[in-house]
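Spelled out, the chains give:
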Amino acid sequence: MDGAMRLKPLLAALAGEPVRPPPLWLMRQAGRYLPEYRALRARAPDFLGFCLSPELAAEATLQPVRRFRPDAAILFADILVLPHALGHPVRFEAGEGPVLERLATRAQLDRLDAARALEVAAPVSETVRQVRAALPPEVALIGFAGAPFTVAAYMAEGGGSRDFAHAKRLMYGDPALFEALMDRLVEATIAYLSAQAEAGAEALMLFDSWAGVLSPAMFDRHVIVPTARIAAALKARFPQVRLIGFPRQAGGSLVAYAEGAGVDAVGLDTAVPPAWAARALPRTVTLQGNLDPLALVAGGEALREETEALLEAIGDRAWIFNLGHGVVPETPPEHVAELIALVRGHG
Ligand SMILES: Cc1c2[nH]c(c1CCC(=O)O)Cc1[nH]c(c(CCC(=O)O)c1C)Cc1[nH]c(c(CCC(=O)O)c1C)Cc1[nH]c(c(C)c1CCC(=O)O)C2
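Criteria and cut-off values
Residues numbered from 1 in each chain as written. Predicted model: local features only at pLDDT ≥ 70, side-chain atom pairs only at ≥ 80, totals over all residues. Heavy atoms only, no water. UniProt positions renumbered as here; feature names shortened; annotations may be inferred. Helix = DSSP H or I, 4+ residues; strand = E, 2+ residues; numbered from the N terminus. Buried < 20%, exposed > 50% of the residue type's maximum accessible area, 1.4 Å probe, protein only. Contact = heavy atoms within 4.5 Å. Polar contact = N/O pair within 3.5 Å; in protein donor to acceptor, adjacent residues only side chain to side chain. Near = heavy atom within 4 Å. Areas by Shrake-Rupley, 256 points an atom, 1.4 Å probe, with all protein chains shown as cover. Expected span 1.5 Å × (residues − 1). Phe/Tyr/Trp six-rings, centres within 6.5 Å; stacked < 30°, edge-to-face > 60°.

Quick look at the UniProt feature "site: Transition state stabilizer" (unreviewed entry) in the chain now. Under the UniProt annotation, "site: Transition state stabilizer" (unreviewed entry) lies at Asp78. Along the chain, the position of Asp78 falls in the loop between β1 (72-74) and α5 (81-85). For Asp78, a relative accessible area of 14% translates into the label buried. Each residue touching Asp78, except ones within four places of it in the same chain, is listed here: Phe47, Cys51, Phe92 and Phe144. Reaching out from Asp78, the side chain makes a polar contact with the backbone nitrogen of Leu80 at a distance of 2.9 Å.

If you want it as structure tokens, here you go:
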């Protein structure tokens, strides 16, 4: 194929090609570990306002691209932009993370407004347009949303939690209400991601960060089934758009997810043995992950050993090199440059 026609490395890997060296990007590659992010962030009073300012969000998206030249940019926003846009109260408190109104009643559910959500979230599509226009030609643009279960969990819990006990109380105690919430989120997520695809996102990622708190039956019902609904709707409208699912800490349910969620790629969290994943997950999916973010904080020999072990384990699979969870704020930016040099210089 003519050079100008060749797919960007990330998109080739998502199409099932075992690109070597594997394309690389990092979850949370934008953010507080970068001094230029902290300076930019200081210009907006609140985090949601920052996410909904296209100029600021586009700049935050592009900062790590300029500094490190990863193979993908990920839209700068947050998974809680969608519940905020639907009219559910969300705020970010410095030092304590997100705080939401705890959803527990039908009246709170009935207040969610899908039409309003498209309007409030419209600046996110504008960010996608601006970033797409500014990206170097070989760098792919990933849009994203929270997966419905993780977003529902934050809404029903009223914030973050170790075990999401309040959310699970609603899930088991009032399954009709919880299902209705999930249905609203599935529809809103399809509309939100469709707008990102229309604006120029080439891949879309669903972050199911709290999938791992579920029993196998609930994992099937609230992770695999809704993800498959979103995937089917998006594929029907945007056949060229690739989907990445990240069911964090899915444990043994990872195989069922890879087989049934309808995604092109599965993100592996830090605890998944990569050689096992390479053998056990269907070859129809590309794998993504899963270096320990704390090895990236450590740098040096620890980073080199972990990186090399991962690169050996991927064998001949289509793979996207990434972390097993997001970059943490303590990460020295030089270690990211070191990691990219290790991956690109391997073999
Ligand atoms: C669960 C979740 C959230 N947000 C997200 C997830 C899924 C991934 C994961 O499991 O980490 C996803 C997310 N959040 C952010 C991005 C931007 C793009 C990127 O990855 O670079 C993405 C993809 C920016 C952000 N989202 C947030 C920040 C920090 C806020 C700030 O800059 O003031 C950033 C850069 C805030 C946020 N947002 C969220 C929490 C719990 C917090 C507070 C904790 C923290 O600060 O890390 C919810």
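Before going further, it helps to spend a moment on the UniProt feature "domain: Uroporphyrinogen decarboxylase (URO-D)" (unreviewed entry) in the chain. According to UniProt, the "domain: Uroporphyrinogen decarboxylase (URO-D)" (unreviewed entry) feature falls on residues 23-32 and 142-158. Annotation note: span residues 23-32, helix share 0%, strand share 0%, distance between end C-alpha atoms 24 Å.

Taken together, 22 residues form the shell around the ligand, and within it Arg28, Arg32, Tyr37, Asp78 and Ser209 come nearest. In this structure, Ala30 approaches the ligand through a main-chain N or O atom, which is 3.0 Å from an oxygen atom. At 2.9 Å from an oxygen atom of the ligand is found a side-chain nitrogen or oxygen belonging to Arg41. Against a free-state accessible area of 870 Å², the protein chains account for coverage of 86% of the ligand. At the level of elements, α2 (35-41) and β3 (97-100) are the ones that each hand at least two residues to the shell around the ligand.

Time to look at the environment of Arg129. Topologically, Arg129 is positioned in helix α8 (residues 122-134). With 75 residues separating them in the primary sequence, Arg129 and Pro54 have C-alpha atoms 9.2 Å apart.

What follows is about the side chain of Asn290. Following the sequence through the fold, Asn290 ends up in strand β8 (residues 286-291). Residue Asn290 is classed as buried on the basis of its relative accessible area of 5%.

A separate point is helix α17 (residues 333-345). Structurally, the α-helix is built with 3.6 residues per turn, so residues lying three or four positions apart point the same way. Given a rise of 1.5 Å per residue, 13 residues ought to cover 18 Å, and the 19 Å separating the end C-alpha atoms of α17 matches this to within 8%. Buried within α17 are the following residues: Pro333, His335, Val336, Leu339, Ile340, Leu342 and Val343. The elements touched by buried residues of α17 are α2, α4 (54-68), β8, α15 (293-298), α16 (300-313) and β9 (319-323). Of the residues one or two after α17, Gly347 is the one with positive phi, at around 70°.

Along the polypeptide, Ala217 turns up in helix α12 (residues 216-237). Distance in space between the C-alpha atoms of Ala217 and Ser253 is 9.6 Å, their sequence separation being 36 residues.

This part covers the packing of aromatic side chains. As enumerated under the stated definition, the model contains 11 aromatic pairs in all. Ring plane angle 85° and centroid distance 5.4 Å describe the contact between Phe144 and Phe207, whose orientation is recorded as edge-to-face. Of the two residues, Phe144 sits in strand β4 (residues 140-146) while Phe207 sits in strand β5 (residues 203-208), which places them 63 residues apart along the sequence. For Phe207, a relative accessible area of 14% puts it in the buried group. Between Phe207 and Phe246 the ring centres are 6.3 Å apart and the planes differ by 90°, which places this aromatic pair in the edge-to-face class. Of this pair, Phe207 sits in strand β5 while Phe246 is found in strand β6 (residues 242-247), placing the two residues 39 residues apart along the sequence.

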